[in-house]
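# Structural characterization, general
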Amino acid sequence: MTVVQLVVNGLLLGGVFALSALGFNIIYGVMRVVNLAHGDVVVIAAMVCALAFGALGLNPLVLLPVAVAGGFVLGAAIHRLLLRRLPAETASTEASSLTLTFGLSFFLAGGGLALFGGSFRSVPFLTGAFDVGGISIPQAKLLAFALALVLAAALAAFLRFTAAGCAIRATSQHLEGALACGVDIDRVRTLSYGLGTAVAAAAGALMSMIYNLNPQMGVQFTVNAFAVVVIGGLGSYAGCVLGALVLGLANAFTSYFVGASLAEAAPYVLFILVSLLMPSGLLGRRTA
Amino acid sequence: MPLLAVRDLEAAYGDFKALHGVSFAVERGEIVSIVGANGAGKTTTLKSLLGIVHPTAGTIELDGTRIEGRRPSDIVERGIALVPEGRNLFREMSVEENLTMGAHVPRARRSARSRVAAMYERFPILAERRRQPAGTLSGGQQQIVAIARALMSEPSIVLMDEPSLGLAPRITLEVFALIRQINERGTAVVLVEQNVVQALELAARAYVLSEGKTVMQGSAAEIRANPEVKRRFLGENSPP
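For clarity, every value in this text was computed on a predicted model and none was experimentally measured.

### Let's talk about the environment of B:Leu209
Residue and element names in this part refer to chain B.
- Tracing the chain through its elements places Leu 209 in strand β9 (residues 205-210).
- When the C-alpha atoms of Leu 209 and Gly 41 are compared, they prove to be 7.0 Å apart, with 168 residues separating the residues in sequence.
- Apart from the residues within four sequence positions on either side, Leu 209 is in contact with Val 22, Ile 34, Gly 36, Ala 40, Gly 41, Lys 42, Thr 214 and Val 215.

See below:
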């Protein structure tokens, strides 16, 4: 029974990890930018939600679309005002974007600390649990998982069935091919960064129902998302979901059998193992 | 007025200057071949025409309008399409999605469905493979997808970069027949091709590039008869 309980816990957590990592993956796929500020957006969104819930009593279901919209505007602005101004078509673009998002991460973490203080916050919404044949399913985790699935499905539908979504996928698969088709790459990049940040903010809104967070915990979520993307395979959206479920399960089992503090090491260990044994990830592109 | 007029085009990759003065013109509905050794600047010229590489000097006129320095999205919208070297397909997207991407520019997007249907009629093999990821097709089929994708925007001029690269001789002949067919429908073609003999058979006129410059021009027959071209590109020795 314990194993089933751990599997349920791991899968519920993995669903929310998947949403967060999908945002990271879109940005990497289209722009080849390893967004080191990703986790800080997750945490800031969680802080805003916790504050809005505490001060105004706003339901997380109301806060979620606000987080998505706010995240999109923030991401699009970061791209237009900062990333877009990096020198293009030079060998150092990836390195300079890494430095820029590293700085942005510190800025967001510092700004979050100034605005929200260092105390831990969460959204105590649906604190009860369902009992299904002896398995306890926390209501908040179930809701967060379900909402993450809905958002991931909406994102997948957007990428598959809209012209803008197809342009994002095409650009991530072959930049020059997309240029040859007349795709406005600058616009696609702004859209992708906005979308990736919106998804990170949505993940933050959902995380606030599960975790107690403070503004300095962003790096943990960046590492989680990065590990998920590497485990699943860089550029693969299906791999991202699979990688997140693997990480969620690893987290649940390590917490139970080894200890909660060591569970934080799970992403690093999996990251190293996958890098050594399956360098292109579980479902990654096999081509160089 | 030519459909496309390129004058004294220069382009660079960082500090490396790849084009030092390329000039050529393409009339409506003709095939022009660009010949040159590896590194002569052929691919860079085509990329400059489409705005993928930004020219540092010179002019490009399409139908009398200057287009140098414009973005690829704008240039494709105005009627130039590229079949890139190596095809550059979206390997994990289906054949149909690849074709639809060819009609991504606003001018073509509204009628994308009917254009895809027209391509299926023209290339039945694509209809058979419509749901298949493009990366899983054979080399020849991938080349047909790349050509059909370029035609989706109904361009007035198609730039073809090494369309026979990596294809078996029989498939190469089919691709060349396809290029002729496209041209017979009124689309001008700029053909960059390693297979110089066949390229010159297909083209009305040709230009020779060397070290990023246009060094020779003339009818395809004149270029084919030139001793220097014979020696360097056709593998024939000049008579003693």
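### Describing the interface of chain A and chain B
- Taken residue by residue, the interface counts 15 residues in chain A and 24 residues in chain B.
- Looking at the side of chain A that touches chain B, the element that brings in the most residues is helix α6 (residues 163-173) of chain A, giving six residues.
- Class assignment of the residues belonging to the side of chain A that touches chain B gives a composition of eight nonpolar, four polar and three charged.

### A closer look at the packing of helix α1 (residues 2-31) of chain A against helix α10 (residues 237-257) of chain A
Residue and element names in this part refer to chain A.
- It is at 6 Å that the axes of α1 and α10 come closest, and there the two elements cross at 140°. One finds that α1 runs oblique with respect to α10. The crossing of α1 and α10 is right-handed.
- By residue class, the composition of the contact of α1 with α10 is 18 nonpolar, seven polar and no charged.

### Description of the packing of helix α9 (residues 218-232) of chain A against helix α12 (residues 266-277) of chain A
Residues and elements named next belong to chain A.
- Running from amino to carboxyl end, α9 crosses α12 at an angle of 25°, the nearest separation of the two axes being 9 Å. On the basis of the axis angle, α9 is roughly parallel to α12. Considering how the two elements wind past one another, α9 and α12 form a crossing that is left-handed. Contact residues: Val 223, Asn 224, Ala 227, Val 230 and Ile 231 in α9; Pro 267, Leu 270, Phe 271, Val 274 and Ser 275 in α12.

### A word on the nonpolar core
- A:Ala18, A:Leu19, A:Cys49, A:Ala202 and A:Leu206 are the most contacted members of the largest nonpolar core, which has 167 residues in total.
- Considering each element in turn, this core owes the most residues, 14 residues, to α1(A).

### Digging into the pairing of strand β8 (residues 188-192) of chain B
Residue and element names in this part refer to chain B.
- Among the five residues that make up β8, five are buried, leaving the element largely enclosed by the rest of the structure.
- On β8, burial covers both faces: Ala 188, Val 190 and Val 192 on one face and Val 189 and Leu 191 on the other are all buried.
- When strand β3 (residues 31-36) meets β8, the two strands line up parallel, connected through four bridges. When the sheet's bridge partners are listed, Ser 33 is paired in β8 with Leu 191.
- Summarising the sheet, strand β7 (residues 157-161) and β8 pair through five bridges and their orientation is parallel. From the neighbouring strand, Met 160 faces β8, where its bridge partner is Leu 191.
- In terms of handedness, the path from β7 via helix α8 (residues 169-184) over to β8 forms a crossover that is right-handed.

### Comments concerning α12(A)
All names here are of chain A.
- When the terminal C-alpha atoms of α12 are compared, their 16 Å separation across 12 residues agrees well with the 16 Å that a helix rising 1.5 Å per residue should span.
- Among the residues of α12, Ala 266, Pro 267 and Val 274 are the ones counted as buried. The arc enclosing the buried residues of α12, seen along the axis, measures out at 90°, which places them on a common side. Relative to its buried face, α12 has exposed residues pointing more than 90 degrees away, namely Tyr 268, Ile 272, Leu 273 and Leu 276.
- Where the residues of α12 are buried, they touch α9, α10 and α11 (260-263).

About the criteria used
Residues numbered from 1 in each chain as written. Chains lettered and ligands numbered in written order. Predicted model: local features only at pLDDT ≥ 70, side-chain atom pairs only at ≥ 80, totals over all residues. Helix = DSSP H or I, 4+ residues; strand = E, 2+ residues; numbered from the N terminus. Contact = placed C-beta atoms within 7 Å. Nonpolar A, V, L, I, M, F, W, Y, C, P; charged D, E, K, R; others polar. Axes fitted to C-alpha atoms, helices over the stretch in contact; angles between N-to-C directions. Parallel < 35°, antiparallel > 145°, perpendicular 65-115°, else oblique. Left-handed = near helix turned anticlockwise from the far one by under 90°. Core = buried A, V, L, I, M, F, W, Y, C linked by C-beta atoms within 7 Å. Buried ≥ 20, exposed ≤ 12 C-beta atoms within 10 Å, placed from the backbone. Pairing = 2+ DSSP bridges. Right-handed = clockwise from strand over helix to strand, strands pointing away. Expected span 1.5 Å × (residues − 1). Arc of directions from axis to C-beta.

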